[in-house]
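A structural walkthrough
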Amino acid sequence: MRILFALFALFVAAFGAVEKIWSDSELNASESGEFLRFSLYKLEGNATGNTLLVVGGVHGDEPGGYFAPSVLASRYKIKKGAVWVVPNLNAESIAHSRRGIYGDMNRKFAKIAEKDRDFDMVREIKKIALDPKVDLILNLHDGHGFYRERWESTIFNPRAWGQTLVIDQKTLADVKFGAMDEIAKRVTDNMSASLKEEHHFFRVKNTETRYKDEEMQKSLTYFAVTNLKPAFGQETSKNIDALALKVEYHLRSIEEFMKVMGIEYERDFELSAKGVQAVLDNSGTLKINDKISLELTELRSVMRYVPLRGGGADRFVFSHPLGAAKPIDNRYDIYIGNKRVSSFYPQFFSDKCKLGKATIAIDGVNNEIAIGDTFEVENGFNVAPIENIRVNVIGFSAKGARNESGITIEKKDTAPRFSEDVRGLIYRVEFYRGQEFCGMINAKFAK
Ligand SMILES: [Zn+2]
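In what follows, the accompanying structure is described. These numbers come from a predicted model, not from an experiment.

As summarised here, the arrangement of the 3 strands in space is β14-β13-β16, forming an open sheet in which the pairing is antiparallel. At either margin of the open sheet sits one strand with a lone partner, and together these are β14 (292-295) and β16 (316-318). Going across the sheet, the axis of each strand differs from the next one's by a mean of 20°, ignoring polarity. Sheet topology places strand β13 (residues 285-288) next to β14; 4 bridges connect them, and they run antiparallel. Within β14, the residue paired with Ile 288 across the bridge is Ile 292.

The residue Ser 343 is located in strand β19 (residues 339-348) in this model. Classification of Ser 343 by relative accessible area gives buried; the value is 5%. Side chain to side chain, Ser 343 and Arg 340 meet in a polar contact 2.8 Å long. When neighbours within four sequence positions are excluded, Ser 343 is seen to be in contact with Ser 301, Val 302, Met 303, Arg 331, Tyr 332 and Asp 333.

A word on the packing of aromatic side chains. What the rule picks out here adds up to 14 aromatic pairs. Considering the side-chain rings of Phe 146 and Phe 156, the 5.1 Å spacing of their centres and the 15° angle between planes classify their relative orientation as stacked. You can see Phe 146 sitting in strand β7 (residues 146-147) and its partner Phe 156 sitting in strand β8 (residues 156-157), a full 10 residues away along the chain. Geometrically, the ring pair formed by Phe 349 and Tyr 432 is tilted, given 5.0 Å between the ring centres and 55° between the ring planes. Of this pair, Phe 349 sits in the loop between β19 and β20 (357-362) while Tyr 432 sits in strand β26 (residues 426-433), and the two are 83 residues apart along the sequence. Each member of the pair Phe 349 and Tyr 432 is classed as buried. Taken together, Phe 375, Phe 381, Tyr 427 and Phe 445 form an aromatic cluster joined through their ring pairs. The side chain of Lys 42 reaches across the aromatic face of Trp 84, ending 4.2 Å from its centre. Positioned above the aromatic ring of Phe 269 is the side chain of Arg 267, whose terminal nitrogen or guanidinium carbon lies 5.9 Å from the ring centre.

With that out of the way, let us pick up the pairing of strand β10 (residues 203-206). Summarising the sheet, strand β9 (residues 164-167) and β10 pair through 4 bridges and their orientation is parallel. Paired with Val 166 across the two strands is Lys 205, which belongs to β10. Regarding topology, helix α4 (residues 180-191) serves as the crossover connection from β9 to the parallel β10, and that connection is right-handed.

Moving on, we get to the sheet that holds β19. Taken in spatial order, the 4 strands of this open sheet run β15-β19-β18-β17, and their pairing is mixed. Among the strands making up the open sheet, the edge pair consists of β15 (302-308) and β17 (323-328). Taking each pair of neighbouring strands and ignoring which way they run, the sheet shows an average axis angle of 35°. Here β17 runs beside strand β18 (residues 331-336); their pairing, made up of 6 bridges, is antiparallel. From the neighbouring strand, Lys 326 faces β18, where its bridge partner is Asp 333.

Only His 59 (ND1), Glu 62 (OE), Glu 62 (OE) and His 141 (ND1) from the protein reach the zinc ion as donors, at distances of 2.1 to 2.3 Å. One can describe the site at the zinc ion as irregular: its 4 donor atoms subtend angles covering 57 to 153° at the metal. Of note, the donors binding the zinc ion are all from one chain and are spaced H-x2-E-x78-H. Residue His 59 shares its accessibility class with Glu 62, and that shared class is buried.

Moving on, we get to the pattern of salt bridges. Per the counting criterion, the structure on display carries 29 salt bridges. As a salt-bridge pair, Asp 351 and Lys 291 come within 3.2 Å of each other at their nearest N and O atoms. Here Asp 351, found in the loop between β19 and β20, pairs with Lys 291, found in the loop between β13 and β14; they are 60 residues apart in sequence, far enough to count as distant. Taking relative accessible area as the criterion, Asp 351 reaches 18% and is therefore assigned buried.

For the structure on display, the rule yields 4 cavities of 30 Å³ or more. Considering only enclosed or pocket space, the largest cavity measures out at about 70 Å³ in volume. What lines the largest cavity is a set of 10 residues, and nearest its centre among them are Asn 88, Ala 91, Ile 94, Leu 322 and Ala 324. Within the residue set of the lining of the largest cavity, elements represented by two or more residues are α2 (91-96) and β17. Broken down by element, the residue count for the lining of the largest cavity peaks at 3 residues, all from α2. When the residues that make up the lining of the largest cavity are grouped by side-chain class, the tally is 7 nonpolar, 3 polar and no charged. Two domains each put at least three residues into the lining of the largest cavity: domain 1 (9-281) and domain 2 (285-348). Within this model, the second largest cavity holds a volume of roughly 60 Å³. In this structure, the second largest cavity is lined by Ile 288, Asn 289, Lys 291, Ile 292, Pro 307, Leu 308, Arg 309, Phe 349, Ser 350, Asp 351 and Phe 437. In terms of residue class, the lining of the second largest cavity is built from 6 nonpolar, 2 polar and 3 charged.

What follows deals with helix α7 (residues 243-261). In this model α7 runs 27 Å from its N-terminal to its C-terminal C-alpha over 19 residues, within 8% of the 27 Å that 1.5 Å per residue would give. For α7, the buried fraction is high: 16 of the 19 residues fall into the buried class. Just beyond α7, the residue with positive phi is Gly 262, at close to 70°.

Quick notes on the rules
Here, residues in each chain are numbered from 1, in the same order as that chain's written sequence. Restriction of local features to residues with pLDDT of at least 70 applies here, the model being predicted, together with a cutoff of 80 or more for giving and counting side-chain atom pairs; totals for whole chains, interfaces and linings are based on all residues. Only heavy atoms go into the side-chain values, all of them from the structure, while hydrogens and water stay out. Two strands make a pair as long as DSSP finds a minimum of two bridges between them. Going along the chain from the N terminus, every DSSP run of H or I of four or more residues is numbered as a helix, and every run of E of two or more is numbered as a strand. Helix axes are fitted only over the stretch in contact, all axes being lines through C-alpha atoms; the angle between N-to-C directions runs from 0 to 180 degrees. Only protein chains enter the accessibility calculation, which uses a 1.4 Å probe; a residue whose area is less than 20% of its type maximum is buried, one above 50% is exposed, and one in between is partly exposed. Distance and chemistry together define a polar contact, namely a pair of N or O atoms within 3.5 Å, with one atom able to donate a hydrogen and the other to accept it when in protein, and with adjacent residues in sequence counting only for side-chain atoms on both sides. In this analysis, two residues are considered to be in contact whenever any of their non-hydrogen atoms come within 4.5 Å of each other. Side-chain rings of Phe, Tyr and Trp, where Trp is taken by its six-membered ring, are said to pair if the distance between their centres is within 6.5 Å; with planes under 30 degrees apart they count as stacked, over 60 as edge-to-face, and otherwise as tilted. A ring has a charge above it when a Lys NZ or an Arg CZ is no more than 6 Å from the ring centre and no more than 35 degrees off the ring normal. Place the viewer so that the strands point away; then a crossover is right-handed whenever the path from the first strand over the helix to the second strand goes clockwise. Water is not part of the atom set, so a site may look incomplete; the donors themselves are N, O and S atoms within 2.8 Å of the metal, or 3.2 Å for Na, K and Ca. In short, tetrahedral needs four donors with all angles between 85 and 135 degrees, square planar needs four and octahedral six donors with opposite donors over 155 degrees apart and all other angles between 65 and 115, and whatever is left is irregular. A pair is scored as a salt bridge if a Lys or Arg side-chain nitrogen falls within 4 Å of a carboxyl oxygen belonging to Asp or Glu. The definitions used throughout rest on a 1 Å grid laid over the protein atoms alone, on which a cavity is an enclosed set of points accommodating a 1.4 Å probe that cannot get out and a pocket is an open set flanked by protein within 12 Å on both sides along at least five of seven lines; lining residues are those having an atom within 4 Å of a point. Grid points are joined across faces, edges and corners, and a volume is the space filled by probe spheres set on the points. Any residue outside Ala, Val, Leu, Ile, Met, Phe, Trp, Tyr, Cys, Pro, Asp, Glu, Lys and Arg is labelled polar, Gly included; the first ten of those are nonpolar and the last four are charged. What counts as a domain boundary in this text is fixed by an automatic or database domain assignment. The span you would expect from a helix comes to 1.5 Å times its residue count less one.

Below you can see the structure in the form of structure tokens.
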């Protein structure tokens, strides 16, 4: 069974376009099993300028390194220039919260066997990195400890990676933004004004890869640099516990790079601990087969009898860039990054029935509600009967009625344990025609 967790979508915003690209046709080595793939978001300003490529999630156990670009992809608008974002390069390892389930992906950029499970991802990101439009590349990580030039302890020492901008060499001659050491120095200096703790300062770490670091010669940044693309590793510290703070540091650094590159942007939240936490707490929505829409933020951790098509034909579309549906045994596990938000136990139905909308009396007033929508209700709702269509409100049962249309349903008539959300407010209103599933509408009661 192949997994489809995100599909082409095109959003046009006031400031320019955000295009989500998933190169499905080229990433099709999935015959041997299911795996998750990365997405590419192209945030393009209306005014032309330089293009920054931000790559997150090459290591699946470094959440700052993939939640930060997911915030960038979803909450920033670019006014001038462009930012391309791959938030989840190693999506499969992210869902397992492991560095690399097929080995270290960031050691596969010099040489990779065609049968390697990471082969397609590596080939694809190389192609994106070498796109002539890309002027500068950031590869995001959460590294061990805090980098210091002198040995102080196992946490603070020259071998630590945390809180650094890593460069493979000082400069690239005759290349725009080729003064990598100066750029990195400027960014780390500008970061110093916004540190939460004194010891969180950022430093430039030059690995002098060509002469001194054989391991780093296999990395994405070195691949880029040897192809004359300025590239930086950007590392927060694994020894900073709060995810929100790691994300904040990554975003501050990215903003400094944008300033260096003359890229103009806006974001719709405050770049503070509180502001970032609020963004991270929102898991967004999941649409399935254009028939179901679920709020993931307060969704129950187990959802039963989710009406699906089966046979690998289900289409999951997440609003969150790190959303993924992973088939496991007889269920789908629903992830936001490394966080499992729910497990869906499906029930399979024919998908033939198409029902655009339903008429529902909400607190006594008739409304047309589209399939997949959510309506809010104070007291009660009543779904108008539709010929040949059976209505099933999950968590409600009327004695003797198989079809629950034409019945006014109040909150007190529902069993909270059947609600979609943990607060017991949202209920599934499902429509069926015989053995065919026609769609779902969410009824959300006021507190
Ligand atoms: Zn890493």
